[in-house]
Amino acid sequence: MTDIILSFPNTDMLTGSHDAGLVMLSMLVAALASYTTLTLSNRIVASAKGSHLWLGFGALSMGTGIWSMHFIGMLAFDLPIPLGYDLTLTILSLVIATALSGFALMQIRSPQLPMHRLLTAGILMGLAIAAMHYVGMAAMLMAPGIVYQPVYFALSIAIAIAAATAALYIAFHLSRQPHGPILLYRLVAAAIMGLAIASMHYTGMLAANFPADSICLAAGSTDQPWIVWAVALTSIVVLGGTLIAALFDSRFETVTTHLSHSLREATEELKQMARTDQLTGLASRALLMETLDDIIASGTLTDRRCAALLIDLDNFKLVNSSLNHADGDELLRQLARTLRDSFPESPIIARFSGDTFVVILEEPCDAPDILRQIDTFRAALWQPFLLQGREISVTATIGIAVSATCKAHTGNAAARMMIDHAEKALYEAKTEGRNRFRFFEEKMQDTAKREFDLQRDLRKAFLDGELELFLQPKVCAKSGIIRSAEALVRWRHPVHGLLLPGEFLGIAEKFGLLSMLEGWTLNEACQILSRWRANGATHRDLSLAVNISASQFCDPGFVEKVLDITRSYDIAPERLILEITEHSAMRDPVTAAAAMRQLTEAGITFSIDDFGTGHSSLVQLKRLPFAELKIDRSFITDMANNAEDRQIVEAIVLIARQFGLRVVAEGVEDRDTGAMLADIGINLLQGFGIAMPMPCSEFEAVSLAA
């Protein structure tokens with residue numbers, strides 16, 4: 001490399017010129033390199049995972065851009081002699097440009113850039129830029145050497161230092177600019193930086209003077225200027241490609257960050273929704289279990305107890321159906337406010353399900369304190385709720401479980417067990433009526449387990465043929481001849497033996513199996529009537545009564561179901577008696593009357609069961625097409641010793657005669673009572689004193705013998 005000669009030139013020098021188009025192109029490349037550098041500086045700072053990768057790409061593209069600007073500027077310069085460039089020195093200038101770019105970007109990546117370090121880095125970068133420029137100039141291998149005017153030479157170095165310092169400052173602060181018109185800032189900054197870098201180059205070129213007898217020793221080694229053009233064009237492509245990649249990466253990261261932020265917000269919103277009941281604003285079931293876990297866990301360490309109150313509105317479905325769903329929702333919201341007011345010290349109040357709520361109480365948690373708080377809540381319920389100008393009064397049934405009953409369990413199991421205990425206590429309270437409360441007792445656990453096992457076994461019983469109809473005779477009070485029978489279902493359980501209806505009807509209703517059970521009973525009864533009709537005259541005149549519950553009787557498809565069964569077995573409809581209670585008939589008298597008329601027109605007979613225990617009026621009794629009336633056993637059992645019971649029975653018989661009804665007395669325990677009932681005018685007798693319920697085959701044998 002030739003030495004740098006500093007001297008004031010004489011007049012005997014070669015006169016050079018610049019191509020204006022290439023000068024503009026070199027300045028454009030300088031601006032593009034500056035803009036790319038600013039964009040890359042942002043990626044280096046913003047990209048946490050790819051900062052090293054972007055640092056490498058940035059150093060290469062930035063160095064290539066500055067180097068390309070330098071050579072385009074060299075190409076813009078022309079002397080009246082052939083020019084060329086030494087390859088080694090040219091490559092060295094590229095290495096210097098790349099190294100100084102890497103150094104600059106490392107400064108930008110630092111979290112802070114204090115003034116002393118900014119100035120130090122700016123001086124070093126400025127000297128490196130000047131070195132790159134003058135090494136590139138030396139690549140021309142001029143003989144004699146280039147003469148540099150000291151003033152312009154020093155000025156070019158000063159401009160290089162100033163440009164480098166300004167570029168570092170601008171790039172550092174723009175890379176951390178969170179707001180504002182970033183694109184405008186970068187464009188203005190890139191123009192300033194590009195102009196400064198170009199100014200350094202052309203100031204350096206202005207400092208260069210070529211003696212009149214100068215020749216370019218490198219002219220022969222680069223007789224193909226298109227190679228330099230190709231390198232310059234390649235540099236522009238590299239800059240553009242790097243810039244596009246940076247923009248795409250920035251856009252991708254922006255979209256990814258936005259999506260990630262949106263996902264976090266959505267996740268938090270879902271978590272909040274999952275933890276809060278949207279209707280009442282109370283805690284959700286999930287948050288309840290989570291909080292109860294924590295309370296029980298902390299109580300285990302400190303030997304403190306807590307209680308769970310499972311509160312269920314009584315007859316909410318009836319209230320909801322009599323109003324509308326919007327009013328029902330408003331009722332639940334008002335109830336939620338009442339719960340908050342009644343249990344202000346509760347750590348959590350949650351909506352457990354539709355109209356069921358849970359209140360957790362902490363110490364003191366003894367029975368008197370729990371009852372005091374329950375009394376406060378029940379007193380608040382005495383005040384009617386106001387819904388669209390209407391006053392609605394409600395009551396609630398409460399099941400209570402104390403954490404001490406779950407001491408054998410820990411964590412989630414203890415919380416689930418505690419709520420399970422409260423549910424069992426609630427169920428027990430509901431079986432006793434409405435507006436009650438019960439504390440959980442261990443025996444409830446055994447009862448619940450037995451119920452669950454029985455409902456599971458009952459589902460199998462239909463398939464395994466374990467159900468059987470027993471028939472209890474109804475005999476003529478005067479002659480003792482069997483006139484009819486009542487079909488009573490029995491369950492031959494493989495473990496518990498013969499089970500009576502009282503042991504599984506309630507379970508069937510609780511677990512949704514009652515309709516299936518009653519359908520099976522009706523089907524079996526019609527099958528028996530069909531067989532009697534086919535077997536001869538002895539049994540073909542007997543009637544068979546089947547009990548129908550209120551839920552089945554109110555089923556819109558019940559009438560068609562009964563008619564389909566009677567037609568399929570080709571029985572005489574008048575031999576089928578459907579027994580319904582007063583409660584079933586009076587539950588919906590209009591619907592009941594319509595269904596009964598359709599079935600009565602088909603020949604089926606109706607009997608009102610347990611008469612005297614309900615609240616039916618004589619007017620309703622007159623409107624419904626009953627053919628038979630069964631006096632409840634409560635009036636029959638002690639009639640011989642209770643004059644009031646006898647008077648009630650006599651009055652019922654008189655009423656029945658007025659309506660033309662056949663009267664059946666059930667619960668007859670002895671022959672003397674039967675004789676007394678016959679004297680009063682009872683038509684048929686039924687009871688253990690007359691005949692026990694028996695299997696169908698046994699009944700058929702008894703009826704034949706009679």
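Not measured: the values here are computed from a predicted model. (Residues numbered from 1 in each chain as written. Predicted model: local features only at pLDDT ≥ 70, side-chain atom pairs only at ≥ 80, totals over all residues. Heavy atoms only, no water.)

Enquirer: Explain the overall build of the protein chain here, please?
Expert: Scanning the protein chain from N- to C-terminus turns up 25 helices and 25 strands. The burial tally for the protein chain puts 49% of its 706 residues in the buried class. Looking at the protein chain as shown, the accessible area adds up to about 34100 Å², and 59% of this sits on carbon and sulfur atoms. (Helix = DSSP H or I, 4+ residues; strand = E, 2+ residues; numbered from the N terminus. Buried < 20%, exposed > 50% of the residue type's maximum accessible area, 1.4 Å probe, protein only. Areas by Shrake-Rupley, 256 points an atom, 1.4 Å probe, with all protein chains shown as cover.)

Enquirer: Just to check I follow, could you spell out helix α18 (residues 558-569) for this structure?
Expert: Side chains that are three or four residues apart share a direction in an α-helix, a result of its 3.6 residues per turn. Its 12 residues give α18 an end-to-end C-alpha distance of 17 Å, which sits within 8% of 16 Å, the value for a rise of 1.5 Å per residue. Within α18, burial applies to Phe558, Val559, Val562, Leu563, Ile565 and Thr566. One face of α18 carries all of its buried residues, which in axial projection span an arc of 160 degrees. α18 presents Arg567 and Ser568 as exposed residues on the side facing more than 90 degrees away from its buried surface. Contacts made by the buried residues of α18 are with α15 (514-535), α17 (550-553), β20 (576-581) and α20 (589-601). (Expected span 1.5 Å × (residues − 1). Arc of directions from axis to C-beta. Contact = heavy atoms within 4.5 Å.)

Enquirer: Help me out: how do you make sense of the nonpolar core in this one?
Expert: One recurring pattern in soluble globular proteins is that nonpolar side chains are buried together. By size, the foremost hydrophobic cluster in this structure holds 77 residues, and its most contacted members are Ile631 and Val649. Broken down by element, this core gets its largest block of residues, eight residues, from α15. If we ignore the near neighbours within four places in the chain, the residues touching Val649 are Ile631, Phe635, Ile636, Met639, Leu677, Ile680 and Ile682. Core analysis: the next-biggest nonpolar cluster, separate from the first, contains 40 residues, Leu89, Ile96, Ile159 and Ala164 among them. (Core = buried A, V, L, I, M, F, W, Y, C linked by side-chain atoms within 4.5 Å.)

Enquirer: Looking at this structure, I do not really get the packing of α15 against α18. What am I missing?
Expert: The relative placement of two packed helices is expressed as an angle between their axes plus a distance between the axes. For the pair α15 and α18, interaxial distance at closest approach is 9 Å and the crossing angle is 30 degrees. Relative to α18, the element α15 lies roughly parallel. Crossing hand, α15 versus α18: right-handed. When α15 is examined against α18, the residues Ser515, Leu522, Asn523, Cys526, Gln527 and Ser530 are found in contact with a partner set consisting of Lys561, Val562, Ile565, Thr566 and Tyr569. Here the contact of α15 with α18 is composed, by residue class, of five nonpolar, five polar and one charged. (Axes fitted to C-alpha atoms, helices over the stretch in contact; angles between N-to-C directions. Parallel < 35°, antiparallel > 145°, perpendicular 65-115°, else oblique. Left-handed = near helix turned anticlockwise from the far one by under 90°. Nonpolar A, V, L, I, M, F, W, Y, C, P; charged D, E, K, R; others polar.)

Enquirer: Honestly, the packing of aromatic side chains in this entry has me stumped. Any pointers?
Expert: Given two aromatic rings, one states the distance between the centres and the angle between the planes to describe the pair. With the rule as written, the count across this model stands at six aromatic pairs. Pairing Phe343 with Phe377 gives two aromatic rings, centres 5.8 Å apart and planes at 40 degrees, and the pair type is tilted. Taken together, the positions of Phe343 in the loop between α10 (325-342) and β10 (348-353) and Phe377 in helix α11 (residues 367-381) put the pair 34 residues apart, joining distant regions of the chain. Judged by its relative accessible area of 0%, Phe377 is buried. Three or more aromatic residues link up through ring pairs in this structure, and these residues are Tyr134, Tyr148 and Phe153. In this arrangement the basic side chain of Arg285 is found over the ring face of Phe352, its NZ or CZ atom lying 3.9 Å from the centre. (Phe/Tyr/Trp six-rings, centres within 6.5 Å; stacked < 30°, edge-to-face > 60°. Lys NZ or Arg CZ within 6 Å of the ring centre and 35° of its normal.)

Enquirer: Got a minute to help me understand the pairing of strand β7 (residues 208-211) in this structure?
Expert: For a regular strand, side chains alternate in direction, first toward one face of the sheet and then toward the other. Of the two faces of β7, the one carrying Ala208 and Phe210 and the one carrying Asn209 and Pro211 are both buried. Taken together, the two bridges between strand β2 (residues 13-14) and β7 define a ladder with antiparallel strand orientation. Bridging across to β7, Leu14 finds its partner in Phe210. As judged from the two bridges shared by strand β6 (residues 147-148) and β7, these two strands associate in the antiparallel manner. When the sheet's bridge partners are listed, Tyr148 is paired in β7 with Ala208. (Pairing = 2+ DSSP bridges.)

Enquirer: So what exactly am I meant to see when it comes to the environment of Thr637 here?
Expert: Summarising the element assignment, Thr637 is placed in the loop between α22 (633-636) and α23 (643-658). The exposure class of Thr637 is partly exposed, given its relative accessible area of 48%.

Enquirer: Looking at this structure, I do not really get a nonpolar patch on the surface. What am I missing?
Expert: Nonpolar side chains collect at one region of the surface, where Leu87, Ile91, Leu92 and Val95 lie side by side and expose about 370 Å² of accessible area between them. Here Ile91 is to be found in helix α3 (residues 87-109). (Patch = residues over 30% accessible without salt bridge, like charges linked within 9 Å, V, L, I, M, F, W, Y side chains within 5 Å. Salt bridge = Lys/Arg side-chain N within 4 Å of Asp/Glu carboxyl O.)

Enquirer: In this structure, what is going on with the packing of α18 against α20? I would like to understand it.
Expert: One can describe the packing of α18 onto α20 by two numbers: an axis separation of 10 Å at closest approach and a directional angle of 15 degrees. With respect to their mutual orientation, α18 and α20 come out roughly parallel. Crossing handedness for the pair α18 and α20: right-handed. Across from Phe558, Val559, Val562 and Leu563 in α18, the residues of α20 making contact are Ala595, Gln598 and Leu599. In terms of residue class, the contact of α18 with α20 is built from six nonpolar, one polar and no charged.

Enquirer: Sorry if this is basic, but what is going on with α15 here?
Expert: Taking 1.5 Å as the rise per residue, α15 with 22 residues should run 32 Å; its terminal C-alpha atoms sit 31 Å apart, in good agreement. Looking at α15, one finds that the buried residues are Leu514, Leu517, Glu518, Gly519, Trp520, Thr521, Leu522, Ala525, Cys526, Ile528, Leu529 and Trp532.

Enquirer: Explanation requested: the sheet that holds strand β9 (residues 306-313) in the structure shown.
Expert: Neighbouring strands of a sheet are bound in pairs by backbone hydrogen bonds; such pairs are parallel or else antiparallel. A sheet is described by the order of its strands in space; here five strands give the open sequence β10-β11-β9-β14-β15, paired in mixed fashion. Strands at the two margins of the open sheet, each flanked by one partner only, are β10 and β15 (437-439). Averaged over all pairs of adjacent strands, the angle between strand axes in this sheet comes to 20 degrees, irrespective of strand direction. Its contacts with the sheet place α10 against β9, β10 and β11 (356-362), and it is angled at close to 10 degrees to β11. Across the sheet, α11 is in contact with β9, β11, β14 (396-402) and β15; its angle to β14 comes to roughly 160 degrees.

Enquirer: I would appreciate a short explanation of the pattern of salt bridges in the present structure.
Expert: Note that side chains of opposite charge can pair when their charged atoms are close. The full count for this structure, using the stated rule, is 25 salt bridges. With its nearest N and O atoms 2.3 Å apart, the salt bridge here joins Asp420 to Lys424. Residue Asp420 and its partner Lys424 are located together in helix α12 (residues 411-431), separated by four residues, close to a single helical turn. Looking at Asp420, the relative accessible area reads 24%, which means it is partly exposed. Where Arg438 meets Glu441, a salt bridge forms, and the shortest distance between an N and an O atom there is 3.6 Å.

Enquirer: Is there a simple way to think about the environment of Met596 in this case?
Expert: You can see Met596 is positioned in helix α20. With relative accessibility at 0%, the residue Met596 sits in the buried group. Met596 sits 10 residues away from Phe606 along the chain, and the two C-alpha atoms are 7.6 Å apart. Ignoring anything within four residues of it in the chain, the contact list for Met596 reads Phe553, Ile580, Phe606, Leu624, Pro625 and Phe626.

Enquirer: Help me out: how do you make sense of the environment of Gly612 in this one?
Expert: Inspection of the secondary structure assignment puts Gly612 in the loop between β21 (605-611) and α21 (618-623). Under the relative-accessibility criterion, Gly612 is labelled partly exposed at 36%. Sequence spacing of Gly612 and Val649 is 37 residues, and the spatial spacing of their C-alpha atoms is 9.2 Å. Beyond its immediate sequence surroundings of up to four residues, Gly612 is in contact with Glu582 and Phe635.

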